[in-house]
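# Chain and residue survey
Here is how the chains run, residue by residue.
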Amino acid sequence: PSDAYQASHQLQDGDVILLATDGFFDNVFAEEAVSIVNKELQDVASRDFEELRSHVRRLSRRLTDTARRYSMDPRRVSPFSQSAKKSGESRTGG
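Residues numbered from 1 in each chain as written. Predicted model: local features only at pLDDT ≥ 70, side-chain atom pairs only at ≥ 80, totals over all residues. Heavy atoms only, no water.

As recorded in an unreviewed UniProt entry, the chain goes by Protein phosphatase and comes from Acaulospora morrowiae.

## Section: the overall build of the chain
Helix and strand content of the chain: four helices and zero strands. Listed by position from the N terminus, the elements making up the chain come as α-α-α-α. Computed over C-alpha atoms, the radius of gyration of the chain comes to 16 Å, more than 25% over the 12 Å expected from 2.2 N^0.38 for 94 residues, which places it beyond the range of a compact globule. Reported as C-alpha extents along the three principal axes, the dimensions of the chain are approximately 50 × 35 × 20 Å. Accessible surface computed for the chain: about 7,700 Å², of which carbon and sulfur atoms make up 49%. (Helix = DSSP H or I, 4+ residues; strand = E, 2+ residues; numbered from the N terminus. Rg over C-alpha atoms; globule rule 2.2 N^0.38 Å. Areas by Shrake-Rupley, 256 points an atom, 1.4 Å probe, with all protein chains shown as cover.)

## Focus: the environment of Gln6
The residue Gln6 is located in the segment before helix H1 (22–27) in this model. Residues Gln6 and Ser54, 48 residues apart in the sequence, show an inter-C-alpha distance of 30 Å.

## Regarding the side chain of Glu40
Residue position: Glu40 is located in helix H2 (residues 30–40). Using a relative accessible area of 11% as the deciding quantity, one classes Glu40 as buried. A polar side-chain atom of Glu40 sits 2.7 Å from a polar atom in the side chain of Arg58. Other than its neighbours up to four places away in sequence, Glu40 contacts His55, Arg58, Leu59 and Arg62. (Buried < 20%, exposed > 50% of the residue type's maximum accessible area, 1.4 Å probe, protein only. Polar contact = N/O pair within 3.5 Å; in protein donor to acceptor, adjacent residues only side chain to side chain. Contact = heavy atoms within 4.5 Å.)

## Some details on the pattern of salt bridges
The final tally for this structure, using the stated rule, is five salt bridges. In this structure, Arg62 engages Glu40 in a salt bridge whose closest nitrogen and oxygen atoms are separated by 3.9 Å. Of this pair, Arg62 sits in helix H3 (residues 49–71) while Glu40 sits in helix H2, and the two are 22 residues apart along the sequence. Ionic pairing is found between Arg61 and Asp65, a salt bridge with its closest N-O pair at 3.8 Å. (Salt bridge = Lys/Arg side-chain N within 4 Å of Asp/Glu carboxyl O.)

## Here we look at the packing of H2 against H3
Remark: H2 packs on H3, axes separated minimally by 10 Å, with the N-to-C direction vectors making an angle of 150 degrees. Judged by the angle between their axes, H2 and H3 are roughly antiparallel. In this structure, the crossing between H2 and H3 has a hand that is right-handed. Across the interface between the two elements, Glu32, Ala33, Ile36, Val37, Lys39 and Glu40 of H2 pack against His55, Arg58, Leu59, Arg62, Leu63, Thr66 and Tyr70 of H3. Classifying every residue of the contact of H2 with H3 gives six nonpolar, two polar and five charged. (Axes fitted to C-alpha atoms, helices over the stretch in contact; angles between N-to-C directions. Parallel < 35°, antiparallel > 145°, perpendicular 65-115°, else oblique. Left-handed = near helix turned anticlockwise from the far one by under 90°. Nonpolar A, V, L, I, M, F, W, Y, C, P; charged D, E, K, R; others polar.)

Quick look at the structure:
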């Protein structure tokens, strides 16, 4: 716990918080995740609670399916492989 990253942020209506493990972020770039979130939730403001819940479920599935699909591509230039390269290691995939 003492090594955990801690931060404070001011949130506004409409903000989305994505909590995920390093396994997700090893395979999906932040920009890709933001694009998926924006596409899935682009017009949810006018939705009732049940429709919003359905959108969030679909978004969660899409995010996890994307990370899984990317993790299985051994040639993908992933956040993990980019970080490894900066450390002098030659790694591929997530």
